[in-house]
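# Breakdown of the fold
This is what each chain is made of:
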Amino acid sequence: QVQLVESGGGLVQAGGSLRLSCAASGRTLDGYVMGWFRQPPGKEREFVAAISWTGISTNYADSVKGRFVISRDNAKRTSYLEMNSLKPEDTAVYYCVVALGTATMTSNGYWGQGTQVTVSS
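Read on for an overview of the structure. Every value quoted in this text rests on a predicted model; they were computed, and no experiment measured them.

## Some thoughts on the packing of aromatic side chains
Two numbers describe a pair of aromatic rings. These are the distance of the centres and the angle of the planes. In this structure the tally under the stated criterion is three aromatic pairs. Taking 5.1 Å as the distance between ring centres and 65° as the angle between the ring planes, the aromatic pair formed by Phe37 and Trp111 counts as edge-to-face. In this pair, Phe37 is assigned in strand β4 (residues 33-39) and Trp111 in strand β10 (residues 110-111), connecting sequence segments 74 residues apart. Residue Phe37 is classed as buried on the basis of its relative accessible area, which comes to 7%. In this structure Trp111 comes out as partly exposed when scored by relative accessible area, which is 23%. Aromatic side chains Tyr95 and Trp111 sit 6.5 Å apart centroid to centroid with 80° between the ring planes, which places their arrangement in the edge-to-face category. Placement of the pair is Tyr95 in strand β9 (residues 92-99) and Trp111 in strand β10, with a sequence separation of 16 residues. Given the relative accessible area of 12%, Tyr95 is considered buried. Members of the aromatic cluster, joined through ring pairs, are Phe37, Phe47, Tyr95 and Trp111. A cation over an aromatic ring shows up here: Arg45 above the ring of Tyr95, its NZ or CZ 3.8 Å from the ring centre. When the ring centre of Trp111 is taken as origin, the NZ or CZ atom of Arg45, which lies over that ring, is 4.7 Å away.

What counts and how
- Residues numbered from 1 in each chain as written.
- Predicted model: local features only at pLDDT ≥ 70, side-chain atom pairs only at ≥ 80, totals over all residues.
- Heavy atoms only, no water.
- Phe/Tyr/Trp six-rings, centres within 6.5 Å; stacked < 30°, edge-to-face > 60°.
- Helix = DSSP H or I, 4+ residues; strand = E, 2+ residues; numbered from the N terminus.
- Buried < 20%, exposed > 50% of the residue type's maximum accessible area, 1.4 Å probe, protein only.
- Lys NZ or Arg CZ within 6 Å of the ring centre and 35° of its normal.

Following this line, the structure appears as structure tokens:
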């Protein structure tokens, strides 16, 4: 089994920054894509960012491009989501996910429990 533990969420003022972490444990996940989704209040879960095993390839939702940065440390089995210039619209429960590919994240990925990010105006 795989366990993912998110940390770093909290309350922040608009324009501020937060850094989320997702630490993986359990079976080996070599080659897996790591990513982040979020679920705003009253909305369905949506893609935020993903990063390949090598860290060379990254994908971002248009809504966060230029503001969020995803990274990973394979030795620590951890992914990070640096969130800058936060907006109230970024308020959501953020989930980390590990999967064989971006296309399989929602259908066959391993998910964390989520961490709340609240951006005040």
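Let's pick the thread back up.
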